[in-house]
Amino acid sequence: MEIDEKCYGERPIYLDATYPVERRVDDLISRMTLEEKIAQLGSVWTRDLLTDGKLSSEKAGQLLKNGIGQITRIAGATSLPPNEVAELANEIQRFLVEKTRLGIPAIIHEECLSGFMAMSATTFPQAIGLASAWDPELVKEVSSVIREQMRATGAHQGLSPVLDVARDPRWGRVEETLGEDPYLVMTVGCAYIKGLQGERPGSGIIATIKHFAAHGFSEGGRNCAPVHVPPRELRDTFLLPFEAAVKEAGAGSVMNAYHDIDGIPCAASQELLTNILREKWGFKGFVVSDYGAIEMLQTFHHVAGSKKEAAKMALEAGIDIELPGVNYYGEPLIEAVREGLISEATIDEAVRRHLRAKFILGLFENPYVDAGKAPVVFDTPEHREIALKAACESIVLLKNENGVLPLSKNVGSIAVIGPSAASTRNLLGDYSYTAHLSKEKDAVPIVSILDGIKSMVSSDTAIHYAKGCEISGDSTDGFAEAIEAAKKAEVAIVVVGERSGLSANDTSGEGRDRADLRLPGVQEELIRAIHATGTPVVVVLINGRPLSIEWMAANVPAILEAWLPGEEGGNAVARVLFGDYNPAGRLPISFPGQSGQIPVYYSRKPSSWKDYVFASAKALFPFGHGLSYTKFEYSNLEISPDKVGPAGKVNISFDIMNTGERPGDEVVQLYVHDVIASLARPVKELKGFRRINLKAGEKKTLTFILSMDQLAFHNRDMNLVVEPGMFEVMVGSSSEDIKLTGSFEVVGKEREITGTRCFFCQVIAD
Ligand code: BGC
């Protein structure tokens, strides 16, 4: 129905929610001055608006006079509790709505990698731990909590998830990723996006997929260093999760990566940000710059000689919004338009994308939140329960010789040793509030592993705690006390690993890359010293990334990888140690034996196999690896049909039975190998998985419905094709522990995929 504008009297169309979004956007843009438009392309740090912790009308009057596109972190840059964050958000919005000419509310963005980065917010396991659960539904639950908490404080956009496929564990940010495999990253990442964005935009948080693109495979594993990935590998491996996130999960925003690929900084890459993202994939959201990335075109990459040049380059490549402040998109952009260097139409396009998001969010109708209600959704028992479940599911049992684990709760005495045993801080990832902002005090109650163990064992169990050493540094002064503790105990639990964050004390996290992947400091020496006492040692690793732990893997009977497990980490680890939870987490990334093997990932090409003079080329612990306290048997593989057209589907079904004595989860993994192809193809690739719970003695039939679309790759002409030929099927418990094998054949002609494609393997369990 055509609506007669005149019927609406004086009320501008853009303020009338009965009009379609595009009409409202057009109307608003037609009313805006150049300064107002460009203000929509920037953001302002909350702290720059405050005096003595309160919104300063003078500062707001200066910085917000033309409106503003976004507000940078209210919760994540202050020490305010949730209700005060919400009040401040309301005050800022009120200023924009009431004191600026057009009254355009701002999008407030925050960080939310392992939970909303805010005081009192639930702290979940770091992303690498969430990926280890191999449980997309769990991740959706986690990000739904994040959505609820963020929304309650007035935020609208979260700068997560990280969809970088991580291929180099030297990179400190591996902990922020979902691992090395595009299928796992894509599946878990899409679940995260769906939970964060929710069902309705009006109550959702815009997900920001980052870092576009291929940030996880930089030169030497050094943050922001150039990425050397050829075009085909870029598309088939590194872009795949982003493509699915745009097409399947409807991610609302994209953040560029800092690095350059073959000389072109991603922030200036029209190919990535426009040709691929918008034109090929049909992305309709907006692109934000990583913090300072536009400036870096001038000061880091040296591809722009001036602010104006950098701004033009980024905008024309496809970056709509400059974060975190207005620096290059402010005055320099205004001048560039006035001088005719950039057309106003280009500005309008970026403004349009941002305003569209604001209308879709319902910001004009509901700019405020009920601040009094905000605390109600923070740190509730239900949220803690989800944090505990996530931590439990994320733990990977790497080794368990002779069934050392689980331990008995009635053990007479245990030693709990190590720099992370009594620490709460060390259980957090680099984008948790406490770690990121280097706070002295935890932002939410966190259970240490020592406390988790104390609350688990019988009242008769003697616990001997000793720190032993620090994470870094070479002091062995604490060894004697630790050795004494171990000698008095029947078993020694040694909690070692990395400390995550961005500061000089941190060994993992953004900007904390390492050349040597052994445990930092004297931690391995500490384990050797405890081992030498003869007391059985159980190592709990608190790591931001896979380390090379060769000696430990050979000598210590039991090793748990707990990653950075968050607020319930201590309870989760204790549950696994004492058998209240049967572990089933699986490695989302291969553990190298030695740093010199890097890159080491399971989906290698056939030619990448040769061993080194003194070392194997194989991973120490492979992708998908993880043990259980029970056993599973696989049988009766059936593949039908065994011949299929290139647009068809194949059902791969088999039985799985828990043949042990405890209930437990198994993570069933489906790998496929293209036997003969027109290009060298990986020896195997993950194409489906399912975490399934089976009681002792229980048997289920699983059917994986594999779409031939999933076999597509970019051929010599860079067309996405499904080629005919034989495909080997491998079903297993890890990428190296294959239980069943079979094959099918794709018959007929090569098929080119140009439009939509099926990304996911459906799994049915009876
Ligand atoms: C990181 C981004 C992050 C931003 C703001 C940058 O250094 O690369 O992932 O969102 O900082 O915190």
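What you are looking at is a predicted structure, and each value in this text was computed from that prediction instead of being measured.

Procedures and definitions
Residues numbered from 1 in each chain as written. Predicted model: local features only at pLDDT ≥ 70, side-chain atom pairs only at ≥ 80, totals over all residues. Heavy atoms only, no water. Helix = DSSP H or I, 4+ residues; strand = E, 2+ residues; numbered from the N terminus. Rg over C-alpha atoms; globule rule 2.2 N^0.38 Å. Buried < 20%, exposed > 50% of the residue type's maximum accessible area, 1.4 Å probe, protein only. Contact = heavy atoms within 4.5 Å. Areas by Shrake-Rupley, 256 points an atom, 1.4 Å probe, with all protein chains shown as cover. Lys, Arg positive; Asp, Glu negative; His and termini not counted. Charge placed at Lys NZ, Arg CZ, Asp CG, Glu CD. Pairing = 2+ DSSP bridges. Salt bridge = Lys/Arg side-chain N within 4 Å of Asp/Glu carboxyl O. Core = buried A, V, L, I, M, F, W, Y, C linked by side-chain atoms within 4.5 Å. Arc of directions from axis to C-beta. Phe/Tyr/Trp six-rings, centres within 6.5 Å; stacked < 30°, edge-to-face > 60°. Lys NZ or Arg CZ within 6 Å of the ring centre and 35° of its normal. Axes fitted to C-alpha atoms, helices over the stretch in contact; angles between N-to-C directions.

Student: Can you lay out the overall build of the protein chain for me, pointing to particular residues and giving the numbers?
Tutor: Assigned secondary structure in the protein chain consists of 21 helices and 29 strands. Relative to a compact globule of 766 residues, whose C-alpha radius of gyration would be 27 Å, the protein chain shows 27 Å and is just as compact. Projecting the C-alpha coordinates of the protein chain onto the three principal axes gives extents of approximately 80 × 70 × 50 Å. Counting the 766 residues in the protein chain, one finds 63% classified as buried. In the protein chain, the proportion of contacts linking residues at least 24 apart, taken out of those at least 6 apart, comes to 78%. Summed over all atoms, the accessible surface of the protein chain reaches about 27,400 Å², with 48% contributed by carbon and sulfur. Of the side-chain charges in the protein chain, 79 are positive and 102 negative, and the distance between the mean point of each set is 1 Å.

Student: Kindly report on the environment of Phe95, identifying the contributing residues and their values.
Tutor: The topology assignment puts Phe95 in helix α4 (residues 82-99). Counting along the chain gives 30 residues from Phe95 to Lys65, while the straight-line C-alpha distance between them is 9.5 Å.

Student: An account of the sheet that holds strand β22 (residues 685-694) is needed here, citing residue identities and associated values.
Tutor: Strand order in the open sheet formed by five strands is β19-β27-β26-β21-β22, and the pairing between neighbours is mixed. Only two strands of the sheet have a single neighbouring strand rather than two, namely β19 (643-644) and β22.

Student: Residue-level account of the pattern of salt bridges, with values.
Tutor: Following the criterion strictly, the structure yields 47 salt bridges and no others. Where Glu243 meets Lys247, a salt bridge forms, and the shortest distance between an N and an O atom there is 2.8 Å. Of this pair, Glu243 and Lys247 both sit in helix α9 (residues 240-247), four residues apart, which is roughly one turn of that helix. You can call Glu243 buried: its relative accessible area is 6%. As a salt-bridge pair, Asp580 and Lys409 come within 2.8 Å of each other at their nearest N and O atoms. Separated by 171 residues along the polypeptide, Asp580 in the loop between α21 (569-577) and β18 (632-640) and Lys409 in the loop between β12 (396-400) and β13 (413-417) bring together distant segments of the chain. Residue classification places Asp580 among the partly exposed positions, given a relative accessible area of 44%.

Student: I'd like to hear about the nonpolar core, residue by residue, with values.
Tutor: Across soluble globular proteins, you tend to see nonpolar side chains buried next to one another. In terms of nonpolar packing, the biggest core is built from 182 residues, with Phe212, Leu272 and Phe744 touching the most fellow members. No other element matches helix α7 (residues 182-197), which puts nine residues into this core. In this view, Phe212 contacts Leu239, Phe242, Val254, Met255, Asn256, Ala257, Cys266, Leu272, Leu273, Leu277 and Trp281; residues no more than four positions away in its chain are not counted. Counting residues in hydrophobic clusters, the runner-up holds 41 residues, among them Phe479, Leu519, Ile530 and Ile598.

Student: Can you tell me about helix α12 (residues 307-317), naming the residues and giving the values?
Tutor: Those residues of α12 not exposed but buried are Ala310, Ala311, Ala314, Leu315 and Ala317. Take α12 and look down its axis: the buried residues cluster within an arc of 165°, on one side only. Here the buried face of α12 lies against α10 (270-280), α11 (295-299), α13 (331-338) and α14 (344-361). Two residues or fewer past α12, Gly318 is found with a positive phi of approximately 135°.

Student: So what's going on with the packing of aromatic side chains? Which residues, and what values?
Tutor: On inspection of all chains with the given rule, the structure shows 19 aromatic pairs. Where Trp134 meets Phe623, the ring centres are 5.3 Å apart and the plane angle is 50°; that geometry is what we call tilted. Taken together, the residues span a long stretch of sequence, with Trp134 in the loop between α5 (127-132) and α6 (136-152) and Phe623 in the loop between α21 and β18 at a distance of 489 residues. Pairing Tyr602 with Phe623 gives two aromatic rings, centres 4.5 Å apart and planes at 10°, and the pair type is stacked. Placement of the pair is Tyr602 in the loop between α21 and β18 and Phe623 in the loop between α21 and β18, with a sequence separation of 21 residues. Judged on exposure class, the residue Tyr602 and its partner Phe623 are both buried. Through pairs of rings, three or more aromatic residues link up here, namely Trp134, Tyr183, Tyr602, Phe623, Tyr671, Phe689, Phe759 and Phe760. Positioned above the aromatic ring of Tyr601, the side-chain terminus of Arg167 is 3.9 Å from the ring centre. Sitting over the face of the ring of Tyr431, Lys210 holds its NZ or CZ atom 5.5 Å from the ring centroid.

Student: So, unusual backbone geometry: which residues are in play, and what are the values?
Tutor: Going from Ser160 to Pro161, the amide bond is cis rather than trans, its omega being 5°. You can see Pro161 is positioned in the loop between β6 (157-158) and α7. For the bond from Phe212 to Ala213, the omega torsion is 10°, close enough to zero to count as cis. Along the chain, Ala213 turns up in the loop between β7 (206-212) and α8 (231-238). In the Ramachandran plot, Asp262 falls in the positive-phi region, its phi being about 50° despite a non-glycine side chain. Mapped onto the secondary structure, Asp262 falls in the loop between β9 (260-261) and β10 (264-265).

Student: Account for the sheet that holds strand β20 (residues 649-658), naming residues and giving values.
Tutor: A sheet is described by the order of its strands in space; here four strands give the open sequence β18-β20-β23-β29, paired in antiparallel fashion. Taken across any chain shown, the strands that pair with only one partner, and hence form the sheet edges, are β18 and β29 (762-765). When strand polarity is set aside, the average angle formed by the axes of neighbouring strands in this sheet is 20°. Where β20 meets strand β23 (residues 699-707), nine bridges bridge the pair, whose relative direction is antiparallel. For Ile656, the partnering residue across the bridge sits in β23 and is Lys700.

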